[in-house]
Amino acid sequence: MKILIIEDELDLSSAIRDYLTSEGYLCETAITYDAAYQKISLYSYDCILLDLMLPDGDGLKLLKHLKSLQKTEGVIIISARNALDDRITGLNLGADDYLMKPFHLSELNARIAAIIRRKNNQHSNIFTFNEIEVDLGAKTITVNRHEIHFTRKEYDLLLYFIYNKGKAISKSAAAEHLWGDDADMADSFDFIYTHIKNIRKKLSDAGAKDYFHSVYGLGYRFTDI
Amino acid sequence: MNLFSKYNRVLLVVLLIGLISVGILFYNALNYTLNNKIDENLREELMEVKDYLHVKNIFPAPPEDLDLVIEYKPAKKTSAVLVPGDTTFYNPRKQKKESARYLKADLLLDNQPFHVLILNSKATQSRQMQIVFLAIIIPVVILFGLMALFNRYLLLKLWSPFYQALKQIKSFDIKKGGYRSVKTDIHEFRQLDEALKQMTTQIQDDFKEIKLFTENASHEMMTPIAIINSKLDTLLQSGTLAENDSKALLDLYKATKRLNKINQSLLLLVKIDHDQLGEKEQLCPAELIRQKVNNFQELISQRHIQVTCNLDDTTVLSNKYQFDILLNNLFSNAIRHNRNGGEIHITLKEGELYFENTGNQNALPESQIFERFYKDPKSDGVGLGLAILKQICIKQGYSLNYYFRLPMHGFRIKFG
């Protein structure tokens, strides 16, 4: 799985690259418009992360160029501009998603995973993590052929952890995933604990192993190790 | 009192006083002249009587003039009085009372003293005087009237640049078009115009600069925050953090989140100011409120807050994004400043929305709570939520009020 990171801030670019590399992706970076233009023209990727504000050009133009090449890469716009116009223009131009800076790397990873899965597995929307089977189309989760009833938030949260399996996820990242912009309304994310507790109970009732591990009281790691 | 009425009032008083003085003066002068003429007549008549006495030693026959009456009365002695004056008398020939001039004299006829009283009716002269008076006064009054009208027109014309400038300044909106220069060849108005132009341009420039600065500063801060955030996420993956480190990491996450929140709020304020948030549409607030209650269920139940909704099905014309933020901020406020086990009452009626919550027992200062960065000392918000709420209400044309009715703090929004 190849990913192109078009981002002019080196520190941010490297953090993204490190995180995604550890997830098993092959990452390339471009820090200027020109470099990105060349890479897009020459190579193919599974997903492209696109910063709209580059020192030598507008990221939206790159998007247009990409679409003019009839390429099918998934594109996630990552921008500090939260302008509604940009978001709409970007999505209209064929971007698959729009992520507002600052974002959590786990969120970015989950979005990439969702896009790649959508692009590659046109026919099957089902993937598994050990005994847990997720049907993305029907939004259901089955363990040992027993469907478990999760609330929408619980489903979203579990999927988020599965996408980021092996990674420590802070409560605030989890809350932002569930609530988006509204997450900053909460002063504490203790309610995440309640959700996790419920998910754990439902999974273990269905006979699944407990994959949630608390990380320093900051968050959780979903892992089978 | 406006300029015109003030000016007209002064003008009218001056004109009236002038007119009356001129009238009195004119009347007296005319009267004096006419009286002199009559008196001369009277003296001539007296001379004639004297002539008759000298020459023929008889009184002359009564004059043919209907206005002239001569009376003779025997007197005991003669005195040399010769006084003309005003009087009224009964004119036997015209058979009516008339005002008249008279002249008295004592004369000797056959060494007998006689009073001679010559009366000249003023009827004819009065008519003459009236005619002359009117002939002069009426045109003067008309002239004054015309002058007042012309003055009004002239004033309106002269002051028109001033009124144009005034109208513009009154409707001046810092965010909209600037001040358009008013054409005039009057020096003072041109100066005023230039000063206004300069002032408004300066104000608008400053305002734009401040907004641009806020926007740019917030955008510039976004990248470092993004870097901090991503590095924290990376750090969290490390399996070798000590207990102390994780505590520090938690605090860093919190601080970053807070910084981000301030930044986003400032940007949001700028955006609402800029009207960058899209078109208005018909929304169903009751439905949106129910969704929010559902969405914030965790926060509500975490603090054991009882939410009571009393929602009528109404529609509101609003920008969807802004309305969403409005509800968020109302909820956020009602939850954050509530006490554990408290209550929230939401009432939606036609055109009105009430958000009430329990909290501390004292009213908040209404004049301050909507100011940017105002916050309760105990609150850990950033102090921009209510400022954003206010800004949205201004932009959407809603009225927003805070009230306190023990034990509930309330916000009332009137749509439209």
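An unreviewed UniProt entry lists chain B under the name histidine kinase, with Pararcticibacter amylolyticus given as the organism. Here is the UniProt Subcellular location (unreviewed entry) comment for chain B, exactly as written: "Membrane". Under Catalytic activity (unreviewed entry), UniProt gives the following word-for-word description of chain B: "ATP + protein L-histidine = ADP + protein N-phospho-L-histidine."

An unreviewed UniProt entry annotates chain A as DNA-binding response regulator originating from Pararcticibacter amylolyticus.

Draft legend 1. Layout of the domain arrangement of chain B. All names here are of chain B. What the domain assignment reports for chain B is domain 1 (3–142), domain 2 (188–274) and domain 3 (280–414). Between the C-alpha centres of domain 2 and domain 3 the distance comes to 25 Å. Listed as interface residues are 9 residues of domain 2 and, on the opposing side, 15 residues of domain 3. Of all residues in domain 2, R258, L269 and I272 give up the largest surface area on contact with domain 3, accounting jointly for 52% of the area buried on that side.

Draft legend 2. The UniProt feature "transmembrane region" (unreviewed entry) in chain B, seen in detail. Residue and element names in this part refer to chain B. The UniProt feature table records "transmembrane region" (unreviewed entry) at residues 12–30 and 131–150. Annotation note: span residues 12–30, helix share 100%, strand share 0%, distance between end C-alpha atoms 26 Å. Annotation note: span residues 131–150, helix share 100%, strand share 0%, distance between end C-alpha atoms 28 Å.

Draft legend 3. Highlighting the layout of surface pockets. All names here are of chain A. Put simply, the second largest pocket is a space of about 490 Å³. If you trace the second largest pocket, you find 21 residues lining it, with A114, K139, D156, L159 and Y163 closest to the centre. For the lining of the second largest pocket, the secondary structure elements donating two or more residues are α5 (105–120), α6 (152–163) and α7 (171–179). Of all the elements, α5 adds the most residues to the lining of the second largest pocket, at 7 residues. Partitioned by chemical class, the residues of the lining of the second largest pocket number 9 nonpolar, 3 polar and 9 charged.

Draft legend 4. Structural view of the sheet that holds strand β14 (residues 219–222) of chain A. Residues and elements named next belong to chain A. With respect to topology, 3 strands assemble into an open sheet ordered β12-β14-β13, the strand pairing being antiparallel. Each end of this open sheet is capped by a strand with a single partner; those strands are β12 (168–170) and β13 (212–215). Across the sheet, the mean angle from the axis of one strand to that of its neighbour is 35°, orientation sign disregarded. Alignment of β12 against β14, held across 3 bridges, turns out to be antiparallel. Within β14, the position partnered with A168 by the bridge is R221. Set on the sheet, helix α8 (residues 190–205) makes contact with β13 and β14; between it and β13 the angle comes to about 155°.

Draft legend 5. Representation of the packing of helix α5 (residues 285–295) of chain B against helix α7 (residues 320–336) of chain B in the model. All names here are of chain B. Where α5 meets α7, the closest approach of the two axes is 11 Å, and the angle between their N-to-C directions is 50°. Classified by the angle between their axes, α5 and α7 sit oblique to one another. Every pair of crossing elements has a handedness; the one defined by α5 and α7 is right-handed. Where α5 abuts α7, its residues P285, L288, I289, K292 and V293 lie against F323, D324, L327, N328 and F331. A class-by-class count of the residues in the contact of α5 with α7 yields 7 nonpolar, 1 polar and 2 charged.

Draft legend 6. Focus on the packing of aromatic side chains. This structure, assessed with the given rule, holds 24 aromatic pairs over all chains. Their ring planes at 70° and their centres at 6.5 Å tell us that Y354 of chain B and Y403 of chain B sit as a pair that is edge-to-face. Of this pair, Y354 of chain B sits in strand β9 (residues 352–358) while Y403 of chain B sits in strand β10 (residues 399–405), and the two are 49 residues apart along the sequence. Taken as a pair, Y354 of chain B and Y403 of chain B share a single burial class, namely buried. Each residue in the set F129, Y160, F161, Y211, F212, Y220 and F222 of chain A is aromatic and connected to the rest through ring pairs, giving one cluster.

Draft legend 7. Molecular detail of the domain arrangement of chain A. Residue and element names in this part refer to chain A. The assigned domain composition of chain A is domain 1 (2–120) and domain 2 (126–222). Taken over C-alpha atoms, the centre of domain 1 sits 26 Å from the centre of domain 2. When domain 1 packs against domain 2, close to 1,100 Å² is buried across both sides, 47% of that on carbon and sulfur atoms. In this assembly, domain 1 and domain 2 are joined by 1 salt bridge. A salt bridge links E23 to K167; its shortest N-O distance comes to 3.3 Å. Counting the contacts that link domain 1 with domain 2 gives 10 residue pairs in polar contact (both at pLDDT 80 or more). Contributing elements (two or more residues each) for the side of domain 1 that touches domain 2: α1 (10–22) and α5. In terms of residue count, the dominant contributor to the side of domain 1 that touches domain 2 is α5 (7 residues).

Draft legend 8. Quick peek at the nonpolar core. The biggest cluster of nonpolar side chains holds 103 residues, and the ones touching the most others in it are I16, L49, I112, I132 and L203 of chain A together with L326 and L353 of chain B. Not counting residues within four places of it along the chain, the set of residues in contact with I112 of chain A comprises I3, L20, Y25, C47, L49 and I76 of chain A. Core analysis: the next-biggest nonpolar cluster, separate from the first, contains 19 residues, A36, L63, I77 and A95 of chain A among them.

Calculation criteria
- Residues numbered from 1 in each chain as written.
- Chains lettered and ligands numbered in written order.
- Predicted model: local features only at pLDDT ≥ 70, side-chain atom pairs only at ≥ 80, totals over all residues.
- Heavy atoms only, no water.
- UniProt positions renumbered as here; feature names shortened; annotations may be inferred.
- Domains from an automatic or database assignment.
- Contact = heavy atoms within 4.5 Å.
- Buried area = accessible area lost by both parts, 1.4 Å probe.
- Helix = DSSP H or I, 4+ residues; strand = E, 2+ residues; numbered from the N terminus.
- 1 Å grid on protein atoms, 1.4 Å probe; cavity = no way out; pocket = protein on both sides within 12 Å on 5 of 7 lines; lining within 4 Å.
- Points joined across faces, edges and corners; volume = space filled by probe spheres on them.
- Nonpolar A, V, L, I, M, F, W, Y, C, P; charged D, E, K, R; others polar.
- Pairing = 2+ DSSP bridges.
- Axes fitted to C-alpha atoms, helices over the stretch in contact; angles between N-to-C directions.
- Parallel < 35°, antiparallel > 145°, perpendicular 65-115°, else oblique.
- Left-handed = near helix turned anticlockwise from the far one by under 90°.
- Phe/Tyr/Trp six-rings, centres within 6.5 Å; stacked < 30°, edge-to-face > 60°.
- Buried < 20%, exposed > 50% of the residue type's maximum accessible area, 1.4 Å probe, protein only.
- Salt bridge = Lys/Arg side-chain N within 4 Å of Asp/Glu carboxyl O.
- Polar contact = N/O pair within 3.5 Å; in protein donor to acceptor, adjacent residues only side chain to side chain.
- Core = buried A, V, L, I, M, F, W, Y, C linked by side-chain atoms within 4.5 Å.

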